[in-house]
Structures are given as C-alpha cells and as structure tokens.
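The residues making up each chain are set out below.
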Amino acid sequence: CLCCFQLYGYCYQDSNDIPDTLTTITELGSPLEMIQLLQTSWEDRFRICLSLVRLLHYLAHSPLGSVTLLDFRPRQFVIVDGELKVTDLDDASVEESSCTSNSDCFMEFPARNFTLPCSVEGRCQSMNEKRNLYNAYRFFFTYLLPHSAPSSLRPLLDKIVNATGNHNKLICTKYLALELSPSPSVNSEFTQKCVKSANTQYRRVPEAFIPDENYRCWPSYHHKGCLLSVFDVNEAIEICDSYSQCKAFVLTNQMTWTGRQLVFFKMASNHIVPDPDKITYVKVTD
C-alpha cells in the first residue's frame, strides 16, 4: 500500500535483556502537526487529503477485506514528500461487528451517532469503512479542506465535506475522479473558475523581475514575501486588486504540483531588473 509507511527491511536479533528483538528500517517521515498544516498552502493540504482518500479506498478494499483503524488520529500518520501515510497498524482490525438487529450496529462519536443496517449474515454493513470515513472527516477533512480554499471551489468542497460527514461512500469516487484528471487546476468541475472582470489596468513588462518591495500575506509559499499560486493572469489580477498594498506582481516559471503558476505580489515597482524567466505586471495609476 503506497499510503502506508514503507518498510525497507527488518532483522531479528537476540539481546541479553530482550530475546527475539525485531528491528525495522522504514522510510523517514515528518510528524503530522495540525497547526503547522493549517499554515501551509491550500494546495498542499488538498494533496494530503487526496492521499488520505487513497488510504481510505485501500482499507475498504484490501486483500484482507475491509480494514478499520481503531485509533484513527493524526498522531498515527506522518508526511512523506507531501503525502500522508499511516505508520501504526497495531490497532487495525478486519473484523466487522456481529449483530442480530440494527440496534447492535450503533456507532457513537463525540458529535454524532450513527446506526447501520444489520445484514442477513449477521454483520454490520460497512461499519469498518464508515468508521474510517467519519474519522477522516472529523480529524482531517473538516479542518484541511475548507480553510482558506479558493472561493470558486468552496461550494464543491462544502458538498464534499458534508457528504463525508454523512457517510456518503461516493465521496471517495468523487475525490479519485479529481485526482485522476491530468491536472486538477484545469479540470472543469474542479476549477469552475469565477474570475471577476478587473477594472484596474496593468502594464505587462516581459523578461523582468522586482527583487524587493515584498510584503507578507497568508498563506504564502515564501515566509518573507507574498508568493501565491494562480490559475492564470486574470486570477493574479484579482488577487492583486484584493490587496490594498499590491501594486505589481511577477509571474514565475515555477508550478505547483497541480499545475498552478507561482506568482510574487509586490507593493511597488520602483526597481525592475532583467530576468528572462519572469514576466512583471505593474498596476497603472491615473
């Protein structure tokens, strides 16, 4: 499973204190800190949610059957190259709860409870899968997806988050369809780009860059400046118009993992230098 921590090797060795000691060698990951994640760009958080959906899909259709993580908390996961991976499978279970009636299939959570159907085989239908899904909703999706999301995507994201909280299994298919598109930024359903018609005029300066005149914005890919991703120039204009201190922006040739272009937003254009890999747009004042 690509969503689980990769095991590179292991060995058994006897110790004077502990016999049959098992040593494992795994890939290196970073602990998942939710506060730190909320300070990253929305695209990075969306990527983490996609990797979580892949994990949910794998757990629901694993070779062992439907697997549930009984301790589904952020501390059980790490970040590896921007992807979320589960590290602790000690509390995994493949046993679907037995039942004689629907009342035996009661799932209790701090904010909400669910009752699932009891099948003719005497098992609670999809309890493992739905437990994982709701835990993903309450620990991850509800925080990582809506927070500072692009305005054009919020209706879709609200629909996705609400459906996940209501145990809608189709949500996994929805996410996977988005992921399988060549680039989410150009997927028509994903983007639904609603760029306002800009009243402000900008002068295009090719092969130029503004090295200084930075201001901070949030969220930014650069801690000392305002570096954001955009779909196109129109979106960059919309962003610049929304910041009172923004007087210019610079298109770079760098792309995010979704294919969106990174743009520096500047508070002045007094010093412009040549740069063949960048294009500067300066706000025209009356």
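Residues numbered from 1 in each chain as written. Predicted model: local features only at pLDDT ≥ 70, side-chain atom pairs only at ≥ 80, totals over all residues. Heavy atoms only, no water.

- An unreviewed UniProt entry lists the protein chain under the name PKDCC kinase, with Chloropsis hardwickii given as the organism.

## Some thoughts on the sheet that holds strand β6 (residues 83-86)
Then, in step 1: Taken together, the three strands give an open sheet; going across it, the order is β3-β5-β6, and neighbouring strands pair in antiparallel fashion. In this open sheet, the two strands that pair with only one neighbour each are β3 (30-31) and β6.
Then, in step 2: As judged from the four bridges shared by strand β5 (residues 77-80) and β6, these two strands associate in the antiparallel manner. Each residue of the ladder has a partner; that of Phe77, found in β6, is Val86. (Pairing = 2+ DSSP bridges. Helix = DSSP H or I, 4+ residues; strand = E, 2+ residues; numbered from the N terminus.)

## Section: the sheet that holds strand β13 (residues 261-266)
Then, in step 1: The strand order across the open sheet built from five strands is β10-β14-β12-β13-β11, with neighbouring strands paired in antiparallel fashion. A single partner strand is all that each edge strand has here, and the edge strands are β10 (202-209) and β11 (226-230). Put simply, the sheet's adjacent strands are angled 30° from each other on average, direction ignored.
Then, in step 2: Note that strand β12 (residues 248-255) and β13 share five bridges and pair antiparallel. Its bridge partner lying in β13, Val250 is registered against Phe264. (Axes fitted to C-alpha atoms, helices over the stretch in contact; angles between N-to-C directions.)

## Let's talk about helix α3 (residues 127-144)
Then, in step 1: Taking 1.5 Å per residue, 18 residues should reach 26 Å; α3 reaches 24 Å between its end C-alpha atoms and fits that length.
Then, in step 2: Of all the bends in α3, the greatest measures close to 45° and is centred on Tyr137.
Then, in step 3: Of all 18 residues making up α3, 14 are buried, and the element is well covered by its neighbours. (Expected span 1.5 Å × (residues − 1). Bend = angle between axes of the 7 residues up to and from the residue. Buried < 20%, exposed > 50% of the residue type's maximum accessible area, 1.4 Å probe, protein only.)

## Remarks on the side chain of Thr280
Then, in step 1: On the secondary structure map, Thr280 appears in strand β14 (residues 273-283).
Then, in step 2: Residue Thr280 is classed as buried on the basis of its relative accessible area, which comes to 0%.
Then, in step 3: Contact partners of Thr280, with chain neighbours within four places excluded, come to Arg203, Arg204, Val205, Ala208, Phe209, Ile210, Phe249 and Val250. (Contact = heavy atoms within 4.5 Å.)

## Examining the packing of aromatic side chains
Then, in step 1: Throughout the structure, instances matching the rule amount to 13 aromatic pairs.
Then, in step 2: Seen in terms of ring centroids, Phe72 and Phe77 are 5.3 Å apart; in terms of plane orientation they differ by 55°. Their pairing is tilted. Of the two residues, Phe72 and Phe77, neither departs from the other in class, the shared state being buried.
Then, in step 3: Seen from their ring centres, Phe249 and Phe265 are 5.9 Å apart, and the 45° between their planes marks the pair as tilted. Of the two residues, Phe249 sits in strand β12 while Phe265 sits in strand β13, which places them 16 residues apart along the sequence.
Then, in step 4: Residue Phe249 is classed as buried on the basis of its relative accessible area, which comes to 0%.
Then, in step 5: Clustering of aromatic rings is evident, with ring pairs tying together Phe109, Phe114, Tyr134 and Tyr137. (Phe/Tyr/Trp six-rings, centres within 6.5 Å; stacked < 30°, edge-to-face > 60°.)

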